[in-house]
Amino acid sequence: MTYATLSELRAQLDSGAQTACSLAEAYLERVQALNAELNAFVHIDADEVLEQAAASDTYRASHGPRPLEGLPIAIKDIFCTQDGPTQCCSNILKGYRAPYDAHVITRLKEAGAVLFGKTNMDEFAMGSSNETSAFGPCRNPWDTTRIPGGSSGGSACAVAAGMAPAALGTDTGGSIRQPAALCGITGLKPTYGRVSRRGIIAFASSLDQAGPMTRSVEDTALLASVMCGHDSADATSVADAPEVDWLGACAARDMKGLKIGRPREYFIDGMDAGVLQAVEEAIETCRELGAEVIDVSLPHTPAAVAAYYVIAPSEASANLSRYDGVRFGHRCEAPEDLLDMYTRTRDEGFGAEVKRRILTGSFALSSGYYDAYYLKAQKVRTLIRQDFLQAFAQVDVLLTPTSPVTAFHIGEKTDDPLTMYLADVFTIALNLAGLPGLSQPCGFADGLPVGLQWIAPAWQEDRILAAASAYEAATDWLSQTPATGGN
Ligand code: GLN
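Because the structure is a prediction, the values reported are computed rather than measured.

Moving on, we come to helix 7 (residues 217–227). With respect to burial, helix 7 is a largely interior element, nine of its 11 residues being buried. Turning to helix 7, its buried residues number three or more, namely Val217, Asp219, Thr220, Ala221, Leu222, Leu223, Ala224, Val226 and Met227. Remark: Gly229 follows helix 7 within two positions and exhibits a positive phi of approximately 150°.

What follows concerns the layout of surface pockets. In this structure, the largest pocket spans a volume of roughly 290 Å³. Residue lining of the largest pocket: 15 residues in total, with Cys80, Tyr100, Ile200, Ile201 and Arg322 positioned closest to the centre. Tallied by class, the residues present in the lining of the largest pocket amount to 10 nonpolar, three polar and two charged.

Before going further, it helps to spend a moment on the site of the ligand. Taken together, the neighbourhood of the ligand is formed by 15 residues, with Thr172, Gly173, Ser175, Tyr308 and Arg357 sitting nearest. Thr172 places a main-chain nitrogen or oxygen 2.7 Å from an oxygen atom of the ligand. Between the ligand and Gly174, the relevant distance is 3.3 Å, taken from an oxygen atom to a main-chain nitrogen or oxygen of the residue. Coverage of the ligand by the protein amounts to 99% of the 300 Å² it exposes when considered alone. In the shell around the ligand, the residues fall into five nonpolar, seven polar and three charged.

It is worth spelling out the packing of aromatic side chains at this point. This structure, assessed with the given rule, holds 17 aromatic pairs. Ring centres 5.8 Å apart and planes at 85° place the aromatic pair Phe41 and Phe116 in the edge-to-face group. With a gap of 75 residues between them, Phe41 in strand 1 (residues 41–43) and Phe116 in strand 3 (residues 114–119) connect regions that are remote in the sequence. Residue class for Phe41 comes out buried when judged on its relative accessible area of 4%. The rings of Tyr96, Phe124, Tyr323, Phe328 and Phe350 are connected pair by pair, giving a single aromatic cluster. The side chain of Lys94 reaches across the aromatic face of Phe135, ending 5.2 Å from its centre.

For the rest of this paragraph, the subject is the pairing of strand 7 (residues 259–263). Of all five residues in strand 7, four are buried, a share of seventy percent or more. Examined bridge by bridge, strand 7 and strand 8 (residues 292–296) share five bridges and lie parallel to one another. Within strand 8, the residue paired with Gly261 across the bridge is Ile294. Handedness of the β-α-β unit built from strand 7, helix 9 (residues 273–288) and strand 8 comes out right-handed. Note: strand 7 against strand 9 (residues 397–401), two bridges, orientation parallel. Residue pairing in the sheet places Ile260 in a bridge with Val397 of strand 9.

A cluster of nonpolar residues, Phe363, Tyr369 and Tyr373, forms a patch on the protein surface that exposes about 290 Å² of accessible area. Inspection of the secondary structure puts Tyr373 in helix 13 (residues 371–391).

This part takes up the nonpolar core. It is characteristic of soluble globular proteins that their nonpolar side chains tend to be buried jointly. Counting 155 residues, the largest nonpolar core has Leu108, Phe124, Phe388 and Trp454 as its most contacted members. Those residues in contact with Leu108 that sit more than four places away from it in its chain are Leu68, Ile73, Ile75, Ala113, Leu115, Leu168, Leu223, Val226 and Met227.

Inspection of the secondary structure assignment puts Asp324 in the loop between helix 10 (304–319) and helix 11 (338–349). Within the structure, the side chain of Asp324 is placed 2.9 Å from the backbone nitrogen of Val326, a separation counted as a polar contact. Excluding residues that lie within four positions of it along the chain, Asp324 makes contacts with Met341, Tyr342 and Thr345.

Side chains three or four residues apart in an α-helix point the same way, a direct result of the helix having 3.6 residues per turn. The terminal C-alpha atoms of helix 3 (residues 46–63), which comprises 18 residues, lie 25 Å apart, in line with the 26 Å expected from a rise of 1.5 Å per residue. Among all positions in helix 3, only Val49, Ala53, Ser56 and Arg60 are buried. An end-on view of helix 3 places all buried positions within 60° of arc, on one side of the element. Looking at helix 3, the residues exposed on the side facing more than 90 degrees away from the buried face are Asp47, Glu51, Thr58, Ala61 and Ser62. Close packing links the buried residues of helix 3 with helix 1 (6–15), helix 2 (20–38) and strand 3. Between the side-chain oxygen of the N-cap and the backbone nitrogen of Asp47 there are 3.0 Å, and the N-cap of helix 3 in question is Asp45. Positive phi appears at Gly64, one or two residues downstream of helix 3, with a value of about 85°.

Moving on to the pattern of salt bridges. Under the defined criterion, the tally for this structure stands at 16 salt bridges. Among the salt bridges present, the one from Arg287 reaches Glu284, with a minimum N-O distance of 2.8 Å. Note that Arg287 and Glu284 are positioned in helix 9 at a spacing of three residues, about one turn of the helix. Look at Arg287 and you get partly exposed, because its relative accessible area is 40%. Here Glu353 ties to Arg356 by a salt bridge, and the two come within 2.3 Å at their closest N and O atoms.

For any two helices packed against each other, the geometry is given by the interaxial angle and the distance between the axes. Look at helix 10 against helix 12 (residues 352–365): their axes get within 7 Å of each other, and the N-to-C directions meet at 100°. The angle between the axes of helix 10 and helix 12 places the two elements in the roughly perpendicular class. Taking contact as the criterion, the partners of Tyr309, Val310, Pro313, Ser314 and Ser317 in helix 10 are, on helix 12, Arg357, Ile358, Thr360, Gly361, Ser362, Ala364 and Leu365. Tallied by class, residues from the contact of helix 10 with helix 12 come to six nonpolar, five polar and one charged.

A few words on the sheet that holds strand 3. Pairing within the open sheet is mixed, and its 11 strands lie in the order 1-3-2-4-6-5-10-11-9-7-8. With partners counted over all chains shown, the strands left at the sheet margins are strand 1 and strand 8, one partner each. Taken over all neighbouring pairs, the strand axes of this sheet differ in orientation by 35° on average, direction set aside. Across the face of the sheet, helix 2 comes into contact with strand 1, strand 2 (72–76) and strand 3 while running at roughly 10° to strand 3. Set on the sheet, helix 9 makes contact with strand 7, strand 8, strand 9, strand 10 (437–445) and strand 11 (448–455); between it and strand 11 the angle comes to about 50°.

Calculation rules
- Residues numbered from 1 in each chain as written.
- Predicted model: local features only at pLDDT ≥ 70, side-chain atom pairs only at ≥ 80, totals over all residues.
- Heavy atoms only, no water.
- Buried < 20%, exposed > 50% of the residue type's maximum accessible area, 1.4 Å probe, protein only.
- Helix = DSSP H or I, 4+ residues; strand = E, 2+ residues; numbered from the N terminus.
- 1 Å grid on protein atoms, 1.4 Å probe; cavity = no way out; pocket = protein on both sides within 12 Å on 5 of 7 lines; lining within 4 Å.
- Points joined across faces, edges and corners; volume = space filled by probe spheres on them.
- Nonpolar A, V, L, I, M, F, W, Y, C, P; charged D, E, K, R; others polar.
- Near = heavy atom within 4 Å.
- Polar contact = N/O pair within 3.5 Å; in protein donor to acceptor, adjacent residues only side chain to side chain.
- Areas by Shrake-Rupley, 256 points an atom, 1.4 Å probe, with all protein chains shown as cover.
- Phe/Tyr/Trp six-rings, centres within 6.5 Å; stacked < 30°, edge-to-face > 60°.
- Lys NZ or Arg CZ within 6 Å of the ring centre and 35° of its normal.
- Pairing = 2+ DSSP bridges.
- Right-handed = clockwise from strand over helix to strand, strands pointing away.
- Patch = residues over 30% accessible without salt bridge, like charges linked within 9 Å, V, L, I, M, F, W, Y side chains within 5 Å.
- Salt bridge = Lys/Arg side-chain N within 4 Å of Asp/Glu carboxyl O.
- Core = buried A, V, L, I, M, F, W, Y, C linked by side-chain atoms within 4.5 Å.
- Contact = heavy atoms within 4.5 Å.
- Expected span 1.5 Å × (residues − 1).
- Arc of directions from axis to C-beta.
- Axes fitted to C-alpha atoms, helices over the stretch in contact; angles between N-to-C directions.
- Parallel < 35°, antiparallel > 145°, perpendicular 65-115°, else oblique.

Structure follows, in structure tokens:
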């Protein structure tokens, strides 16, 4: 049952076959059984979960169900929640309690969801493997010697292992889509500006966006319909964003006549042969479903990783200056003076990868280097955006692999940050362009899940949902579950 989709669970709640309390108990049991091995959750308080579930059952009895009534949703440790700690998996925020709920959390609560614990992630969302977490690595349920992807690794693992039916993630350069791909689930990064960033701990403000991580495309649409919406308290949340009929788009399950672009820069030497094969077969399936597949080019793709790894650390270096031992979290013992407090607090509180980002970002922004690095990266960003605009003049959506490789072994890339960064080659460009992207399962290579990535023009998430749900219905990847913990 814990592998059921949100829509299946909703039907069970509506028919009375389950209550919010019985569901919460079943998932808590599953977490109890698996979390010591997988390390997907860094905090979960059974009493808090059951209290919310009981309140939901009471609400349903008197008012009827809201859109997510009684459904347990796991929350990445980057979202501020009034209940429980919000630590961004960093020692600098150990024990930190947020004074308010993130906008997205408020929307979830108003829709009747049961907040189901905090999930593991790379420290401050900086990473692609969940190995930079101060709480230790999370493991991939398909092979526990491997990483689940990152930074939203705990959320992906929780859903893939049936420890939660759905989870929230954030995506700055692929952190929803890449772990979704590596764990065999579905995840959507909406158009930049569709989801409020208020109360989501900032990494790179011009790139960060929250989104759903679920089993099915329909569940992604359901959760997105609750998460998305204008917030006047976040200046980057767009007030007049074109509306999407989230569930209607899914119900269409149609890609007849759809023009799919196959960007040649996303099918490169060095990617796993098994990934290539699974994605090529998926493209063939789309053709059979009536889509027209057209070769396109996004010529500036090879510069995307370099531009991102200048822009994101630059923004991070500014955002993370607030952790100074004065206002948030950790403060060093017995500082000699103010400078000593700042230096030792930050030295003790931040992990190696976060320090690396702060150093490179500060360097790129420093006078004398600003033009050569930051400004140059911004110009590349404009070229990347223009590549997409030109491609979308010819096609409706783009279809690519999500990651060039399947889940790698824990420890395999930790000594070489550059190879780790290169694993983001297919997810980063669309963050730089602000576009929506979805990853869904499209098969296996050597027993490990492979992800298929759909990219649409800004605000056209409905095109992605219609196509992805048609593909999902034509295949049986949704029913595949890992052996870990039993099925
Ligand atoms: N892996 C990328 C990074 O390390 C993306 C992370 C993210 O999307 N939060 O920056």
